[in-house]
Amino acid sequence: MDFDKYASSYAEKMRASIQYCPLTHDFFTRVKAEHLCGVVEATHGKKGQPVLLDLGCGGGLTDSILKNRFQNLHGLDVSQDLIAVAQDRNPEVNYRTYDGVRSEFEDGAFDVIFAICVWHHVPPPNWPAFAAECFRLLKPGGFMLVYEHNPYNPLTRLSVARCEFDSDAVLLPPRRVRQLLQSAGFQRCETNHLLFLPLDRSWCRRVENFLLRKIPLGAQYVVCATK
């Protein structure tokens with residue numbers, strides 16, 4: 001998928017794909033960003049300064065939230081036009097483009113790597129190489145977070161079907177992501193599910209985190225793995 005042509009219309013296309021839902025795309029971005037912050041802070045502490053990579057950062061929407069929590073934040077994407085949007089939105093973040101296979105970052109450059117709704121855009125033959133590059137870039141003891149659409153959720157499948165830039169998407173079940181990460185050398189792959197309740201209420205997130213996260217029906221899921 002050529003994402004350069006969606007650089008100026010990404011938000012509009014995303015809103016159109018979830019018109020049936022009372023929640024906005026900003027809400028979904030915020031929930032995943034808050035979940036990520038909770039995982040990172042649980043590992044590094046609230047005052048820790050881990051080095052993070054947003055792999056497949058797009059226009060930097062998630063980074064606009066994270067930059068206020070983490071000082072060492074980097075972004076990587078295949079789209080030069082989206083990187084330009086991200087850099088304009090978040091001048092504090094270090095952004096780079098790459099060819100989708102291997103980046104210019106050194107081995108073990110990051111404490112945390114996260115890919116939010118990115119993997120389903122990677123051509124299936126390139127999935128093992130994508131996992132291997134994540135493993136290369138991560139420090140020993142670091143961890144990877146993969147947030148993806150849940151193919152078992154019918155509303156998620158509807159959103160993907162209605163989204164113009166998801167026309168090439170190949171949704172991965174959590175088990176497949178775990179297999180790819182483990183084959184690349186990752187360990188302790190754990191899956192949790194997110195976004196069950198279509199309400200922007202803090203109690204909903206607490207219910208999801210403590211009672212529902214192991215039920216494979218949330219709109220999205222996250223696989224966390226360590227190196």
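Scroll up to find the structure this text is about.
The structure presented is a predicted model; accordingly, all values stated were derived computationally and were not measured. Per chain, residues are indexed from 1 in the order of the written sequence. Reporting of local features is limited, given that this is a predicted model, to residues whose pLDDT is at least 70; pairs of side-chain atoms are given and counted only at 80 or more, and all residues count toward the totals for whole chains, interfaces and linings. Hydrogens and waters are ignored; side-chain quantities use all the structure's heavy atoms.

Q: Lay out the pattern of salt bridges in plain terms, naming residues and giving numbers.
A: Salt bridge, as applied in this entry: a Lys or Arg side-chain nitrogen positioned within 4 Å of an Asp or Glu carboxyl oxygen. All chains considered together, the criterion is met by 10 salt bridges. The residue Arg 30 makes a salt bridge to Asp 200 at a minimum N-O spacing of 2.7 Å. With Arg 30 in helix H2 (residues 25-44) and Asp 200 in the loop between strand S6 (187-194) and helix H8 (202-212), this pair connects stretches of sequence that are 170 residues apart. Classification of Asp 200 by relative accessible area gives partly exposed; the value is 36%. Ionic pairing is found between Arg 205 and Glu 208, a salt bridge with its closest N-O pair at 3.0 Å. One end of the pair, Arg 205, and the other, Glu 208, are both in helix H8, 3 residues apart, so they sit about a helical turn from each other. Residues Arg 205 and Glu 208 agree in their burial class; the two are buried. Secondary structure elements are defined from DSSP: runs of H or I of at least 4 residues count as helices, runs of E of at least 2 residues count as strands, and each element is numbered from the N terminus. We call a residue buried when its accessible area falls under 20% of the maximum for its residue type, exposed when it is over 50%, and partly exposed in between, using a 1.4 Å probe and counting protein chains only.

Q: Hey, could you go over the nonpolar core for me, with residue numbers and the actual values?
A: In a soluble, globular protein the nonpolar side chains are often hidden away together inside. Among buried residues, those of type Ala, Val, Leu, Ile, Met, Phe, Trp, Tyr and Cys that are joined through side-chain atoms within 4.5 Å constitute a nonpolar core. Core analysis: the largest hydrophobic core is formed by 30 residues, its most contacted members being Trp 119, Leu 181 and Phe 186. Elements that contribute at least two residues to this core include exactly strand S1 (51-55), strand S4 (110-116), helix H5 (127-137), strand S5 (138-149), helix H7 (174-184) and strand S7 (220-226). Counting residues per element, this core draws most heavily on H5, at 5 residues. Here, residues are in contact when the closest pair of their heavy atoms is within 4.5 Å. Contact partners of Leu 181, with chain neighbours within four places excluded, come to Trp 119, Met 144, Val 146, Phe 186, Cys 189, Val 223 and Ala 225. Counting residues in each nonpolar core, the second largest holds 28 residues, with Cys 37, Val 93, Ile 116 and Cys 117 among its members.

Q: Mind laying out the packing of aromatic side chains, listing which residues take part and the relevant values?
A: Only Phe, Tyr and Trp rings are paired, with Trp represented by its six-membered ring, and only when their centres lie within 6.5 Å; those with planes under 30 degrees apart are stacked, over 60 edge-to-face, the remainder tilted. Applying the stated criterion across every chain yields a total of 4 aromatic pairs. Relative to Phe 110, the ring of Phe 105 lies with its centre 4.9 Å away and its plane at 80 degrees, an arrangement referred to as edge-to-face. Ring centres of Phe 135 and Phe 186 lie 5.2 Å apart, and the angle between their planes is 85 degrees; this geometry places the pair in the edge-to-face category. Here the residue Phe 135 occupies a position in helix H5, and Phe 186 occupies one in the loop between H7 and S6, the gap between them amounting to 51 residues.

Q: Just give me the short version of the sheet that holds S7, but keep the residues and values in it.
A: The pairing criterion is simple: DSSP has to find at least two bridges between the two strands. The mixed open sheet is built from 7 strands, whose spatial order is S3-S2-S1-S4-S5-S7-S6. Here the strands that pair on one side only, and so sit at the sheet edges, are strand S3 (94-97) and S6. Looking at each pair of strands side by side, their axes are set apart by 20 degrees on average, direction ignored. Examined bridge by bridge, S5 and S7 share 7 bridges and lie antiparallel to one another. Bridge assignment links Met 144 to a residue of S7, and that residue is Ala 225. Fitting a line to C-alpha atoms yields each axis, with helices limited to the stretch in contact; the angle taken between N-to-C directions then spans 0 to 180 degrees.

Q: Account for the side chain of Asn 150, naming residues and giving values.
A: With respect to the element layout, Asn 150 can be found in the loop between S5 and helix H6 (154-162). For Asn 150, a relative accessible area of 0% translates into the label buried. We define a polar contact as two N or O atoms separated by no more than 3.5 Å, with the added condition that, inside protein, one atom must be a possible hydrogen donor and the other a possible acceptor, whereas residues neighbouring each other in sequence contribute only through side-chain atom pairs. Of note is the side chain of Asn 150, whose polar atom sits 3.0 Å from the backbone nitrogen of Tyr 152. Within the structure, Asn 150 has its side chain in polar contact with the backbone oxygen of Gly 218 (distance 2.8 Å).

Q: For unusual backbone geometry, give the residues involved together with the corresponding values.
A: Although it is not a glycine, Cys 117 adopts a positive phi angle of roughly 50 degrees. In this fold, Cys 117 is placed in the loop between S4 and H5. By relative accessible area, which is 16% here, Cys 117 ends up buried. One non-glycine residue, Leu 195, adopts positive backbone phi at about 60 degrees.

Q: Outline H2, supporting the account with residue identities and numerical values.
A: The span expected for a helix works out to 1.5 Å for each residue beyond the first. Between its first and last C-alpha atoms H2 spans 28 Å; for 20 residues at 1.5 Å apiece the expected length is 28 Å, and the two agree. Those residues of H2 lying buried are His 25, Phe 27, Phe 28, Thr 29, Val 31, Lys 32, Ala 33, His 35, Leu 36, Cys 37, Val 40 and Glu 41. Following H2 by one or two positions, Gly 45 has its phi on the positive side, about 85 degrees.

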